[in-house]
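Tertiary structure, described
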Amino acid sequence: MPLPPRNLRLTLAYDGSRYVGWQIQPNGVSVQQVVLDALRRITGETDLKLLAAGRTDAGVHALAQETNFVTTCSIPTDKFRAALQTALPRDIVVRRVAEVPESFHATYSAIRKCYRYVIHCGESASPFLENYCWRIAKPLDLAAMEHAARALIGTHDFRCFESHFPNKATSVRTIETAAFRRAGGWTAWSGFDFASGTNAPDPGDEFLLFEISADGFLYNMVRAIVGTLVDIGRGRFDAEHIARTIASGNRSQAGPTAPPQGLYLVSVDYDLNNLRSKFTNEG
């Protein structure tokens, strides 16, 4: 007798350097395809479908990409992580595996996403960080960038930061946080606290981190925001330019799209208690 189906949530971390992005594409190897192939090998199920919280682009990394799939395989949940990891390359890591209600959908159940962008401002470049941050040699006006970022907070139509508009039914999103922090070392993997700390200049602080959270993001939205903020930091635009750009609704008023390698999907939040309640009510 076949086992009842289980909805499994996988939390993945990956280095996006050698992939064409999360989503399966005909022009190269994707993270989704590699993980799906590994899942099919260890479960023996050829018709699996793997959903994800966000479709990260080529070169973009993830500290905690959330995914889910339905399976009838007999591998216990507490053994699944190790089993799957043996079938994956070293640049894709399974951080957690959990069984979730059947109503859980990695994409549509998400209530908040958080991204981090890393800029390296040191005097000399590092060959070890080429694929993991945006190298900017000239000084940036952080005070102007911080002032500009405050205009992002709240509910707005963000079509001015979307590539190839329109990609979604609506371009209205609510940004909850948008903050900069300096860092003296490589902290992309750490749980850096953006709610505290200081931006006081320090000669040893070679990294500038920008973290942004919202109920959702448009295509290339974070990278377009970063590119615009960096242009403000370089003095190309004044500190009020973000507010004017949002009001214009015009992508041509914003700055360039920042390079992909500095971007990290940090976390995705869900209301699991509500999902469990819904699952129980559905019987």
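Please read all numbers here as calculations on a predicted model, not as lab measurements.

Using the criterion set out here, one finds 6 aromatic pairs in the structure. With centroids separated by 6.2 Å and ring planes inclined at 85°, the aromatic side chains of Tyr117 and Trp134 adopt a geometry described as edge-to-face. Residue Tyr117 is found in strand β5 (residues 110–120), and its partner Trp134 is found in strand β6 (residues 134–135); the two are separated by 17 residues along the sequence. Each member of the pair, Tyr117 together with Trp134, is buried.

Tracing the backbone through its elements, the reader meets Ala243 in helix α5 (residues 241–248). Classification of Ala243 by relative accessible area gives partly exposed; the value is 35%. Along the chain, Ala243 and Leu152 lie 91 residues apart, while their C-alpha atoms are 7.5 Å from each other.

Next up on the list: α5. Looking only at α5, the buried set comprises His241, Ile242, Thr245 and Ile246. With its buried residues spanning 135° around the axis, α5 presents them on a single face. Where α5 is buried, its residues touch α3 (142–149), β7 (154–157) and α4 (221–233). Where α5 ends, the next residue or the one after it, Gly249, has phi of about 65°, a positive value.

All right, on to the nonpolar core then. Grouped together as the largest cluster of nonpolar side chains are 73 residues, with contacts concentrated most on Phe80, Leu152, Phe161 and Phe210. Counting residues per element, this core draws most heavily on α4, which supplies 8 residues. With residues near it in sequence (within four places) discarded, Phe80 still touches Leu8, Leu10, Leu39, Ile42, Thr43, Phe69, Cys73, Ile75 and Val97. Counting 10 residues, the second-largest nonpolar core is a separate cluster that includes Val118, Leu129, Ala183 and Phe207.

Scanning the model with the defined rule gives 9 salt bridges in all. For Asp91, the salt bridge goes to Arg18, with nearest N and O atoms at 2.6 Å. Within this pair, whereas Asp91 is found in the loop between α2 (77–85) and β4 (92–100), its partner Arg18 is found in the loop between β1 (6–14) and α1 (31–43), the two being separated by 73 residues in sequence. According to the relative accessible area criterion, Arg18 is exposed, its value standing at 52%. The salt bridge partner of Glu176 is Arg112, with a shortest N-O separation of 2.8 Å. With Glu176 in strand β8 (residues 172–183) and Arg112 in strand β5, this pair connects stretches of sequence that are 64 residues apart.

Relative to each other, α3 and α4 sit at 140°, their axes nearing to 8 Å. In terms of orientation, α3 and α4 fall into the oblique class. As for the relative orientation of α3 and α4, their crossing is right-handed in sense. In this structure, α3 contributes Ala144, Met145, Ala148 and Ala149 to the contact, and α4 contributes Leu229, Val230, Ile232 and Gly233. When the residues that make up the contact of α3 with α4 are grouped by side-chain class, the tally is 7 nonpolar, 1 polar and no charged.

Attention shifts here to the pairing of strand β9 (residues 207–214). Each regular strand displays side chains that alternate between the two surfaces of the sheet. Within β9, 8 of the 8 residues are buried, which leaves it mostly tucked inside the rest of the structure. Sheet analysis places β5 next to β9, joined by 8 bridges and oriented antiparallel. Counterpart to Ile119 in the pairing with β9 is Leu208. For β8 and β9, the ladder comprises 8 bridges, and the chain directions are antiparallel. The residue of β9 that forms the bridge with Ile175 is Ala214.

On average, residues of the protein score 89 in pLDDT, and 89% of them are at 70 or above. Per-element averaging of pLDDT across the protein places helix α6 (residues 272–281) at the bottom with 52 and α4 at the top with 98. Counted against residues more than four places away or in other chains, residues 276–283, with its pLDDT under 50, gives 6 contacts.

Rules used throughout
- Residues numbered from 1 in each chain as written.
- Predicted model: local features only at pLDDT ≥ 70, side-chain atom pairs only at ≥ 80, totals over all residues.
- Heavy atoms only, no water.
- Phe/Tyr/Trp six-rings, centres within 6.5 Å; stacked < 30°, edge-to-face > 60°.
- Helix = DSSP H or I, 4+ residues; strand = E, 2+ residues; numbered from the N terminus.
- Buried < 20%, exposed > 50% of the residue type's maximum accessible area, 1.4 Å probe, protein only.
- Arc of directions from axis to C-beta.
- Contact = heavy atoms within 4.5 Å.
- Core = buried A, V, L, I, M, F, W, Y, C linked by side-chain atoms within 4.5 Å.
- Salt bridge = Lys/Arg side-chain N within 4 Å of Asp/Glu carboxyl O.
- Axes fitted to C-alpha atoms, helices over the stretch in contact; angles between N-to-C directions.
- Parallel < 35°, antiparallel > 145°, perpendicular 65-115°, else oblique.
- Left-handed = near helix turned anticlockwise from the far one by under 90°.
- Nonpolar A, V, L, I, M, F, W, Y, C, P; charged D, E, K, R; others polar.
- Pairing = 2+ DSSP bridges.
- pLDDT = per-residue confidence, 0-100.

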